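# Tertiary structure, described
Here is what each chain is made of, one letter per residue.
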Amino acid sequence: MQKSKKIVLVGHFGVGKTSLIRRFVKNEFSNNYQVTIGVHITKKEVQIEADKSINLIIWDLEGTDDLRTMRPSYLMGSHGAIFVFDVSRPSTFQNLNEDLALVNDRLNKVPLLVVGNKIDLVNKEDLDSLLQEHQISNHFLTSAKEGTAVDSLFTKMAKMVYGHD
Amino acid sequence: MAMNELDKLETLKEILFTDDREYAQKIAKRIAILEQTINDSEKLSEKTNPIIRKQLDEFVEQIPSTLGPTITATLKEQIKTQKDDVVDAIYPILGKLVKKYVAQEIKVLSEKIDNQLDFVKRFKRKIKAFFGGAKEKDQLLSELSSGNIEQVLLIEKDSGILKASYAKTDAIDEDLVSGMLTAIKSFVEDAFNQKNQSLEHIEYELYHIHIQSFVNYYVAVVISGNYGIKSKNKIQDLIFNFYDNFMAMNLDLIYTSRHLEKQPKIIGTEALNKKLAESFGNAKI
């Protein structure tokens, strides 16, 4: 049986968690925003090397403005996590460091990637100064709409969790 | 006639060495016997066993006073730090014991009730047959019809990752089912905010999902058809037996392996799939 790992996507409302997963799993994008209620689970096999692959069981958690209200049981047993914020909405990343501390605290030292999504909505210069201004360090800048860096984000996560128990 | 020099020397040698030679021969003989005893394990054990036994008896006598406190402290520490694993290992055994006792008591009670109801039931069936047209035999069959095990999933409790599975027919993506089942389970358990209580049963139209939680894993059994207290009982027995035989053994191996250089082989997913099929595939419930 294929090795399977649980990945959770967390972040505020409407930052594009579901869209990132949809782009990665189905290579689709929809402008119609539908709120995720509870949790939605999808699966995708990721080829890491020629003879190495892994099943990512991706838990798309409902967004929340206050991450302290996240249901702890949904995070339990996660092998990796992706924190998503919306680069066009500062409210989703102005408390990023506290949010990350909270997520890290609940996740028990699993690999965590920080992703700024919706880069198609801002220009490069504005984005750079915005991130600098808020002292935000992120691992990936993505656009679920255009597919920018989405595959590389999930492949990176797959590689991180492959050997991590 | 006077002895010549050589004869004198010979006589002197005889006087001087005879006793010693005999003595030396005796010693050599003793050594040979000793050597034989040491080399022959049976003979050696004849001599050493009583000594070892005596020392062992003394050792056993002293265990409570010398090693007792250390063993108790180690066990306490182990139970404290690995509480979940310990519970996981003893849960199926305790579960079986309690179930057995309760089942026996219920059986006695139900036999008493059955005896009293039998007459009433027969009478009711006859009336039904008379008015409804359904044969008494058909009614009996429908009362006795049992459920079927369609699918069994062994799932990691926290992550919802599927560990092993068995399905009678081709099932939909079991990884996703395991994940969603775990999410639903977590949601219900969170929603009622009842620690130490877990979702045990989901029902949808013709199917039932029986869920048995352990500490690290849980087992979900999908049943079609009739699912009453009798089937529930049988499924619980099947699950407890499976978990006790194969999952608790994995835990034992994990414990043992901590102190061994060569890791013992823990039962892998393929083997667990087979064991699930063997345990649940032909089971009558």
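A few points on the structure. The structure displayed is predicted, hence computed values, not measured ones. (Residues numbered from 1 in each chain as written. Chains lettered and ligands numbered in written order. Predicted model: local features only at pLDDT ≥ 70, side-chain atom pairs only at ≥ 80, totals over all residues.)

Helix and strand content of chain B: eight helices and five strands. Reading chain B from its N end, one meets helices and strands in the order α-α-α-α-α-β-β-α-β-β-β-α-α. Counting the 285 residues in chain B, one finds 19% classified as buried. (Helix = DSSP H or I, 4+ residues; strand = E, 2+ residues; numbered from the N terminus. Buried ≥ 20, exposed ≤ 12 C-beta atoms within 10 Å, placed from the backbone.)

The next thing to look at is the overall build of chain A. Helix and strand counts for chain A stand at five helices and six strands. Reading the helices (α) and strands (β) of chain A from amino to carboxyl end gives β-α-β-β-α-β-α-β-α-β-α. The buried share of chain A, taken over its 165 residues, is 38%. Of the contacts formed within chain A by residues at least 6 apart in sequence, a portion of 74% connects residues at least 24 apart. (Contact = placed C-beta atoms within 7 Å.)

Residue and element names in this part refer to chain A. One ladder, built from ten bridges, connects strand E2 (residues 39–49) with strand E3 (residues 52–61); its direction is antiparallel. Of the residues in E3, the one forming a bridge with Lys 43 is Ile 57. Hairpin connection of E2 to E3: two residues between the antiparallel strands. (Pairing = 2+ DSSP bridges.)

Another point: the interface of chain A and chain B. Each side of the interface is counted separately: chain A has 17 residues, and chain B has 17 residues. Going through the elements one at a time, strand E1 (4–11), E2, E3 and helix H2 (72–75) of chain A are the ones with two or more residues in the side of chain A that touches chain B.

This paragraph deals with helix H3 (residues 96–107) of chain A. Residue and element names in this part refer to chain A. Look at H3: 16 Å from first C-alpha to last across twelve residues, which is about the 16 Å you get at 1.5 Å a residue. Buried positions along H3 lie against E1, strand E4 (80–86) and strand E5 (112–117). Phi turns positive one or two residues past the end of H3, at Asn 108, with a value near 60°. (Expected span 1.5 Å × (residues − 1).)

This next bit is on unusual backbone geometry. Most peptide bonds adopt trans geometry, and most residues besides glycine take a negative phi value. Residue and element names in this part refer to chain A. The phi dihedral of Asn 27 falls on the positive side, at around 55°, and the residue is not glycine. By secondary structure assignment, the location of Asn 27 is in the loop between helix H1 (17–26) and E2. Of the residues examined, Asn 27 has 10 C-beta atoms within 10 Å and is grouped as exposed. We note that Asn 108 has phi near 60°; this positive angle belongs to a residue other than glycine. Of the residues examined, Asn 108 has 10 C-beta atoms within 10 Å and is grouped as exposed.

Residue and element names in this part refer to chain B. Strands sit in the order E2-E1-E5-E4-E3 across an open sheet of five strands; the sheet is antiparallel. Strands at the two margins of the open sheet, each flanked by one partner only, are strand E2 (162–167) and strand E3 (201–204). Adjacent strand axes in the sheet meet at a mean angle of 15° when their direction is disregarded. Bridge count between E3 and strand E4 (residues 207–213): four bridges; the pairing is antiparallel. Bridged to Tyr 204 within E4 is Tyr 207. On top of the sheet, helix H8 (residues 269–280) reaches strand E1 (148–156) and E2; it is set at about 40° to E2, its chief contact. (Axes fitted to C-alpha atoms, helices over the stretch in contact; angles between N-to-C directions.)

Our focus in this paragraph is the sheet that holds E4 of chain A. Residues and elements named next belong to chain A. Ordered by their spatial adjacency, six strands build an open sheet running E2-E3-E1-E4-E5-E6, and the pairing between neighbours is mixed. Edge positions in the sheet fall to E2 and strand E6 (140–141), since each of these pairs with one other strand and no more. Where E1 meets E3, six bridges bridge the pair, whose relative direction is parallel. Bridging across to E3, Ile 7 finds its partner in Ile 58. Sheet strands in contact with helix H5 (residues 150–162) are E1, E2, E3, E4, E5 and E6, and its direction is about 80° off that of E2.

Turning next to the packing of H1 of chain A against H5 of chain A. All names here are of chain A. In contact at an axis separation of 9 Å, H1 and H5 are set at 90° when each is read in the N-to-C sense. Taken together, the axis directions place H1 and H5 in an arrangement best described as roughly perpendicular. On H5, the residues that touch Leu 20, Arg 23 and Phe 24 of H1 are Val 150, Asp 151 and Phe 154. (Parallel < 35°, antiparallel > 145°, perpendicular 65-115°, else oblique.)

Side chains three or four residues apart in an α-helix point the same way, a direct result of the helix having 3.6 residues per turn. Residues and elements named next belong to chain A. With 13 residues, H5 should cover 18 Å at 1.5 Å per step; its first-to-last C-alpha distance of 18 Å lies within 8% of that length. Burial in H5 covers these residues: Val 150, Leu 153, Phe 154, Met 157, Ala 158 and Val 161. Axial view of H5: buried residues confined to an arc of 135°, hence all on one face. (Arc of directions from axis to C-beta.)

Residue and element names in this part refer to chain A. Of the strand pairs in this sheet, E4 and E5 are connected by six bridges, and their pairing is parallel. Bridge assignment links Phe 83 to a residue of E5, and that residue is Val 114. Handedness of the E4-H3-E5 crossover: right-handed. Note that E5 and E6 share two bridges and pair parallel. If you follow Gly 116 over to E6, its bridge partner there is Leu 141. Running through helix H4 (residues 124–133), the crossover from E5 to the neighbouring parallel element E6 is right-handed. (Right-handed = clockwise from strand over helix to strand, strands pointing away.)

Next up on the list: the environment of His 208 of chain B. Mapped onto the elements of the fold, His 208 of chain B is located in strand E4. Residues His 208 of chain B and Ser 224 of chain B, spaced 16 residues apart in sequence, show a C-alpha to C-alpha distance of 6.5 Å.

With that settled, the discussion passes to the environment of Val 114 of chain A. Mapped onto the elements, Val 114 of chain A comes out in strand E5. With sequence-adjacent residues up to four places away left out, Val 114 of chain A is seen in contact with Phe 83, Leu 100, Asn 138 and His 139 of chain A.

We now examine the nonpolar core. In terms of nonpolar packing, the biggest core is built from 70 residues, with Ile 7 and Val 8 of chain A together with Ala 220 of chain B touching the most fellow members. Contacts of Ala 220 of chain B, omitting those with residues within four sequence positions, involve Leu 153, Ile 155, Leu 181, Ile 209 and Ile 211 of chain B. (Core = buried A, V, L, I, M, F, W, Y, C linked by C-beta atoms within 7 Å.)

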